[in-house]
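# Structural description and commentary
Single-letter residue listing:
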Amino acid sequence: MGSTMDHCSDGDTYMSDSEMNEIAAQSYEELKKGNHPVKISDETFTCPYCPKKKKQDYLYKDLLQHASGVGNSTSMKRSMKEKANHSALAKYLVKDLVDAGSTSKPKIEVPKTEVDDPLSSCSNDEKIVWPWTGIVINLPTTRAADGRFVGASGSKFRDELIGRGFNPTRVHPLWNYRGHSGSAVVEFQKDWHGLHNALSFEKAYEADHHGKKDWFANNVKSGVYCWVARADDYKADNIIGEHLRKIGDLKSISEIMEEEARKQHKLVSNLTNIIEIKNKHVLEMQEKCSESSVALNKLMEEKDRLLHAYNEEIRKIQSSARDHFQKIFNDHEKLKLQVESQKRELEMRGSELEQREAKNENDRRQLSEDIDKNAVRNSSVQLAAVEQEKADADVMKLAEEHEREKEKMHNKIIQLQQKLDARQALELEIEGLRGKLSVMKHMGDDGDAEVLEKMDVMNQNLREKETEFEDLEALNQTLIVREHQSNTELQEARKELINALKDVSSRALIGVKRMGELDGKPFLEVMKRKYREDEAEERASELCTLWVEYLKDPDWHPFKIVRIDGKDKEVIREDDEKLMGLRKEMGDEVYQAVADALMEINEYNPSGRYITSELWNYKDGKKASLKEGISFLLKQLQVAKRKKQY
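Analysis parameters
Residues numbered from 1 in each chain as written. Predicted model: local features only at pLDDT ≥ 70, side-chain atom pairs only at ≥ 80, totals over all residues. Heavy atoms only, no water. Helix = DSSP H or I, 4+ residues; strand = E, 2+ residues; numbered from the N terminus. Buried < 20%, exposed > 50% of the residue type's maximum accessible area, 1.4 Å probe, protein only. Contact = heavy atoms within 4.5 Å. Areas by Shrake-Rupley, 256 points an atom, 1.4 Å probe, with all protein chains shown as cover. pLDDT = per-residue confidence, 0-100. Salt bridge = Lys/Arg side-chain N within 4 Å of Asp/Glu carboxyl O. Arc of directions from axis to C-beta. Polar contact = N/O pair within 3.5 Å; in protein donor to acceptor, adjacent residues only side chain to side chain. Pairing = 2+ DSSP bridges. Phe/Tyr/Trp six-rings, centres within 6.5 Å; stacked < 30°, edge-to-face > 60°. Lys NZ or Arg CZ within 6 Å of the ring centre and 35° of its normal. Patch = residues over 30% accessible without salt bridge, like charges linked within 9 Å, V, L, I, M, F, W, Y side chains within 5 Å. Axes fitted to C-alpha atoms, helices over the stretch in contact; angles between N-to-C directions. Parallel < 35°, antiparallel > 145°, perpendicular 65-115°, else oblique. Left-handed = near helix turned anticlockwise from the far one by under 90°. Core = buried A, V, L, I, M, F, W, Y, C linked by side-chain atoms within 4.5 Å. Lys, Arg positive; Asp, Glu negative; His and termini not counted.

## Quick notes on the overall build of the chain
- When helices and strands are tallied, the chain shows 17 helices and 15 strands.
- Every one of the 646 residues in the chain was classed for burial, and the buried ones make up 34%.
- Sequence-distant contacts, at least 24 apart, represent 64% of the contacts inside the chain between residues at least 6 apart.
- For the chain, the computed accessible surface area is about 40,700 Å², with 50% contributed by carbon and sulfur atoms.

## Things to note about the confidence of the model for the chain
- Here the chain averages 76 in pLDDT, while 75% of its residues score no lower than 70.
- Below a pLDDT of 50 lies the segment residues 1-13, which in the model reaches 32 contacts outside its immediate sequence neighbourhood of four places, other chains included.
- Segment residues 101-116 is flagged for pLDDT under 50; beyond a separation of four residues in sequence, or across chains, it makes 19 contacts in the model.

## Observations regarding the environment of A67
- If you trace the backbone, A67 turns up in helix α2 (residues 60-71).
- Separated by 16 residues in sequence, A67 and K83 place their C-alpha atoms 8.6 Å apart.

## Focus: the pattern of salt bridges
- This structure, assessed with the given rule, holds 14 salt bridges.
- Among the ionic pairs, E312 bridges to R315, the shortest N-O distance being 2.6 Å. Of the two residues, E312 and R315 both sit in helix α9 (residues 253-356), three residues apart, roughly one turn of that helix.
- Residue E312 is classed as partly exposed on the basis of its relative accessible area, which comes to 29%.
- Salt-bridge contacts for D575 lead to R573; the nearest nitrogen and oxygen are separated by 3.3 Å.
- Three or more residues are tied together by salt bridges with common partners; here these are R532, D534, E535 and R539.

## Considerations on unusual backbone geometry
- Going from W130 to P131, the amide bond is cis rather than trans, its omega being 5°.
- Its location among the elements puts P131 in the loop between β3 (127-130) and β4 (133-137).
- The backbone phi angle of N138 is positive, close to 70°, even though this residue is not glycine.
- Unlike most non-glycine residues, H209 shows phi in positive territory, near 60°.

## A look at helix α8 (residues 239-247)
- For α8, the complete set of buried residues consists of I240, G241, H243 and L244. All buried residues of α8 project into a common sector of 165° when viewed along the axis, lining one side.
- Those residues of α8 that are buried lie in contact with β3, β4, β7 (170-176), β8 (179-187) and α7 (231-235).
- The distance from a side-chain oxygen at the start of α8 to the backbone nitrogen of I240 is 3.2 Å, and the residue carrying that oxygen is N238.

## Some words on the sheet that holds strand β11 (residues 510-515)
- Strands sit in the order β11-β14-β15 across an open sheet of three strands; the sheet is antiparallel. The open sheet has two edge strands with one neighbour each: β11 and β15 (622-623).
- Direction of pairing for β11 relative to strand β14 (residues 612-617): antiparallel, over a ladder of six bridges. For M515, the partnering residue across the bridge sits in β14 and is T612.

## Here we look at the packing of aromatic side chains
- Under the counting rule described, the total for this entry stands at 10 aromatic pairs.
- Ring geometry for F216 versus W227: centroids 6.1 Å apart, planes at 50°, classification tilted. Here F216 is found in helix α6 (residues 212-216), whereas its partner W227 is found in strand β9 (residues 225-228), with 11 residues between them in sequence.
- Note on F216: relative accessible area 58%, which makes it exposed.
- One residue, K91, lies across the ring of Y28, its end atom 4.8 Å from the ring centre.
- The ring of Y591 has R583 lying over it, and the distance from NZ or CZ to the ring centre is 4.1 Å.

## Here we look at the pairing of β14
- For β14, the buried fraction is high: five of the six residues fall into the buried class.
- Across two bridges, β14 lies against β15 in antiparallel orientation. The partner of N617 across the bridge, within β15, is K622.
- Connecting the antiparallel pair β14 and β15 is a turn made up of four residues, with G621 showing a positive phi of about 65°.

## Some thoughts on a nonpolar patch on the surface
- A surface patch of nonpolar side chains, about 280 Å² in accessible area, is lined by L267, L271 and I274.
- Counting through the fold element by element, I274 comes out in helix α9.

## Section: helix α15 (residues 577-586)
- Listed in full, the buried residues belonging to α15 are L579, L582 and M586. Viewed along the axis of α15, the buried residues span an arc of 65°, placing them on a single side of the element. Those residues of α15 that are exposed and aimed more than 90 degrees away from the buried face are E577, K584 and E585.
- In this structure, the buried side of α15 is in contact with α13 (521-528), α14 (533-552), β13 (567-572) and α16 (588-604).
- The residue sitting at the N-terminus of α15 and contributing the capping side-chain oxygen is D576; that oxygen lies 3.2 Å from the backbone nitrogen of K578.
- Phi turns positive, to about 100°, at G587, one or two residues after α15.

## As for the environment of Q638
- When you line up the elements, Q638 lands in helix α17 (residues 626-645).
- For the pair Q638 and S290, spaced 348 residues apart in sequence, the C-alpha to C-alpha distance is 9.4 Å.

## Digging into the packing of α14 against α15
- Look at α14 against α15: their axes get within 13 Å of each other, and the N-to-C directions meet at 160°. By the criterion of interaxial angle, the relationship of α14 to α15 is roughly antiparallel. The two elements α14 and α15 meet at a crossing, and its hand is left-handed. Here L543, W547 and Y550 of α14 come into contact with α15, specifically with K578, L579, L582 and M586.

## Topic: the nonpolar core
- One finds V38, C47, L63, L89, L93 and L97 to be the most contacted residues of the largest nonpolar core, which totals 24 residues.
- Within the residue set of this core, elements represented by two or more residues are α1 (17-33), α2 and α3 (80-95).
- Sort the elements by how many residues they give to this core and α3 lands first, with eight residues.
- Setting aside anything within four residues of it in sequence, one finds V38 in contact with L31, F45, T46, P48, L63, L89, Y92, L93 and L97.

## Quick look at the side chain of D576
- Take D576: it is sitting in the loop between β13 and α15.
- Buried and without a salt bridge, D576 has R573 as its closest oppositely charged side chain, separated by 5.0 Å.
- Among the polar contacts made by the side chain of D576, one reaches the side chain of W556 at a distance of 3.3 Å.
- Apart from the residues lying within four places of it in its own chain, the contact partners of D576 are W556 and P558.

Below you can see the structure in the form of structure tokens.
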């Protein structure tokens, strides 16, 4: 069975008639138990559901009129619970306190012959006027001075029917050119409860012999005659028929039930289709989430694999560079020892020649020649020693420059440091070999076969080292290209992650922060202390917009370089005129907001001076790594997936 839905003003909720009847029944039982006192004295009563009203003392008649009026009110200002409570109060006054109000209102008797369920005697195929309408005939009227007939208002008769428990919504007197026609129509609620009240209304007057059959009989008595409007009344050629045709239609109970059944079936069908569409959408979203999770996992595995391979390759290059450097150093030490040994040997030969000088002239000439040769050879050895010292100095100088270069580039390209070390070590080895070769050239001027043989060996080593250097250079370029590709892929992944996390709230652990964006809250707080709220917002917006333009100006560079912990660092100049004026006029909070935005925009985009988005760790207050962002995104996807499953 369908029921009408009424709009409730408190909370904008809806309540069906069955729920209203249930609340009214509960309130009626509480009134019968005495939980809500109604009677104050023998003549005065109070409304327990209107405690805030100024008027608390009612006569029985006035309280019944108040309860009936609120219970049947169609005003949207009354809540459905309030109407149900007042309907229960009217029922309690009529059934349980009717004797208590005998001094102010005559006793109302409910007919004893009223059937408990009037709907059981009503045919489902009988045509009845809908909305349910009752007909009232023979209302008392009087002739006025102008000759027109007048009668009582419909609200008075409606209150009388409410007091008897029929609960009509309205009584509408019918008027014609002669005035009040002496007839009226009674309107009931459009639901099954209203039909029950209408049939009870008809049965009550039939039991009192004031029904439809009694009216059309010959023995008409005084008093009003009432019945429910049916097909013959609807088609009658009189004022009642005309009014019924204007306000309603003829329908049978079975037709109304079929119509409501069709509406309910259509509603259930629509809801079923909507549920199926929603379920299909949920499954599609779950599949997309699963695909995204698999793709992200594959990306992380590939990244870890590439990083591991890259680190292993760097480790091998570092180990090879250390071995080469150690080998060059050992070769230099051996060469130095050989030169010193040759020098001592030549000195010993010179001493022997000087001892032979006293023998004879020939010996002296021979000795002189040997001494000259020895001097030339000694000079060559000295030159070779000098060249060796220069080569050693060059090696040490290159080593020192290598160390300084490593220290200088450490903070910029940490991952390429070991590759550069390997390359510089190989250059040192080549320089050392070239130094050896130069020494051997000076030593080879005297035609010593052993020196020439060593020079050939060193030339061969030099060519091998140069070939090895070229191979290492090619490997270095390959690694640089591979690292560039990896960095490009990581940057693209970071951009995609930033786009995916743009809508995440700043209260989350990982999110996207707009670096260089000026916070307008300090401006608004300062302006609120100076102006009204509406004017403060406008002035704060204007001032904030002005400073945003200052931040974008590349010609304004309020920074200076200071040395902190041995490193140069840019800090904000405290003597900048704009910032000094802002701090003096607006205070430290506004100044700090501008200073923070300046530092961020100078760090992340000093040339373009526009706002950039950065992956940010709000917990630690620093730039988030790609691994942290991907882990956070995966957790969010898992949480969303669990929510959709529940």
